[in-house]
Amino acid sequence: MQQTTHTYLCLIGAPLLMMMASCNGSHAEEETKEVQTAVQVKTLVLQKSRLENSLKLPGEIKPFQFADLYAKVNSYVKEVQVDLGSQVSKGQILATLEAPEMNSQLLGARSRLHTREAVFRASKANYERLLRTSKVPGTISPNDLDLALSKMSADSAELLAARSAYQEVQRMLDYLVIRAPFSGVISQRNAHPGTYVGPGARSAELPMFRLEEQSKLRLAVAVPEVYTGGLQQAGEVRFTVRSLPGDTFRARVARVAGSLDTRLRTETLEMDISNKDKQLLPGMYAEALLPLPGKQDVYVVPKSVIVSNSEKVFVIRIVNNQSRWVPVTRGNEYNGMVEIFGGLNDQDVLVKNASDEIKEGTPLQAVKE
């Protein structure tokens, strides 16, 4: 009987032991599975800093100032005193023109002026004589005195008109002398002695001369809209030109347009260049390296931290060893670093090698680099 009871207990105990062993093995497998499913990632601790940025942009060198000089009146070129490449000073005579009909107009205007002066003097003398005589009662009627005054006033107005017409013809004659409005270099010449010039000429579309100031130049650079926020802090710019390989020039930012070109969505930046040695020429294309100091107190991270998919742009923050997607907005970027803006705080731990394969809530394990 005892042997039978012992056998019975053994038969019952064996399955219980097997079940317990099976349960313990199941828990161990689950724990092992949890450890195995934790994704190993590289991390960084978020801190605010400043992104030092620089842009390499094409630019164009222009004369500091230029003028296309045309003939104001229809005339013939009498004499040209400069040629292509001539260095001229302000006020220097570049060419003289001749228009014989304008001399006739001047003589006619002068004759009309002298006539009106004589008429005015006569009417003035008549009025003054009547005025003196009218002081004797009954000698001059008030109506005659008023008529004499009106005649003198009308003749005075006619005299002013004649004088104005004469001065206008004189000013037009001044246009027959072409002078340099500022010091510079003649970069175009389209006029020769005997050429018919003026608004009615076939060559009216072409200027007689193009004058450029080349001792001082402008470097114009079109900056894309995304980088315009830091232009006010831009300082010295370095640039090169293809015709002078190996030479680097420097210039300081002088002017910012303050508005965007609606076609290109760019803002124009200008630098003044001293060109006393005439190394640079207007029309050259330059490659400018433009420093753009970044905003202070922003989060700057490597590009690998940011994930972009069809839905959003985000970074992965580690919270309690699990992943949390945090939407962000990208700012300026340079040399592999990017400014980011969003719901982030100092000392947040972000995944450095992030990807959208790391889903929300995925267990993460930080590893050392």
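None of these values were measured; they are calculated from a predicted model. (Residues numbered from 1 in each chain as written. Predicted model: local features only at pLDDT ≥ 70, side-chain atom pairs only at ≥ 80, totals over all residues. Heavy atoms only, no water.)

**Q** Now, about the sheet that holds strand S9 (residues 177-179): what can you tell me, with residues and values included?
**A** By way of backbone hydrogen bonds, the strands of a sheet pair with one another, either parallel or antiparallel. One open sheet holds the four strands; their spatial order is S9-S8-S6-S11, and the pairing between them is antiparallel. In this open sheet, the two edge strands, each paired with only one partner strand, are S9 and strand S11 (196-197). Sheet topology note: the strand S8 (residues 93-98)/S9 ladder contains three bridges and is antiparallel. For Ala95, the partnering residue across the bridge sits in S9 and is Ile178. (Pairing = 2+ DSSP bridges. Helix = DSSP H or I, 4+ residues; strand = E, 2+ residues; numbered from the N terminus.)

**Q** Please provide a residue-by-residue account of helix H3 (residues 142-174), values included.
**A** Here H3 contains 33 residues, and its C-alpha end-to-end distance of 48 Å stays within 8% of the 48 Å for a straight helix at 1.5 Å per residue. Within H3, the full set of buried residues consists of Leu145, Ala148, Met152, Asp155, Leu159, Ala162, Tyr166, Val169 and Leu173. Buried-residue contacts for H3 involve helix H2 (100-133) and S9. (Expected span 1.5 Å × (residues − 1). Buried < 20%, exposed > 50% of the residue type's maximum accessible area, 1.4 Å probe, protein only. Contact = heavy atoms within 4.5 Å.)

**Q** Lay out the packing of aromatic side chains in plain terms, naming residues and giving numbers.
**A** According to the stated counting rule, one finds three aromatic pairs in the structure shown. Both rings, one in Tyr76 and one in Tyr196, keep their centres 5.1 Å apart while their planes meet at 50 degrees; by these two values the pair is tilted. With Tyr76 in strand S6 (residues 75-80) and Tyr196 in strand S11, this pair connects stretches of sequence that are 120 residues apart. What makes Tyr196 partly exposed here is its relative accessible area of 35%. Measuring from centroid to centroid gives 4.1 Å for Phe314 and Trp325, while their planes differ by 15 degrees, and the two rings are stacked. Pair noted here: Phe314 is in strand S20 (residues 313-319) and Trp325 is in strand S21 (residues 322-334), with a separation of eleven residues, a long-range link. When the ring centre of Tyr175 is taken as reference, the NZ or CZ atom of Lys72 above it lies at 5.7 Å. (Phe/Tyr/Trp six-rings, centres within 6.5 Å; stacked < 30°, edge-to-face > 60°. Lys NZ or Arg CZ within 6 Å of the ring centre and 35° of its normal.)

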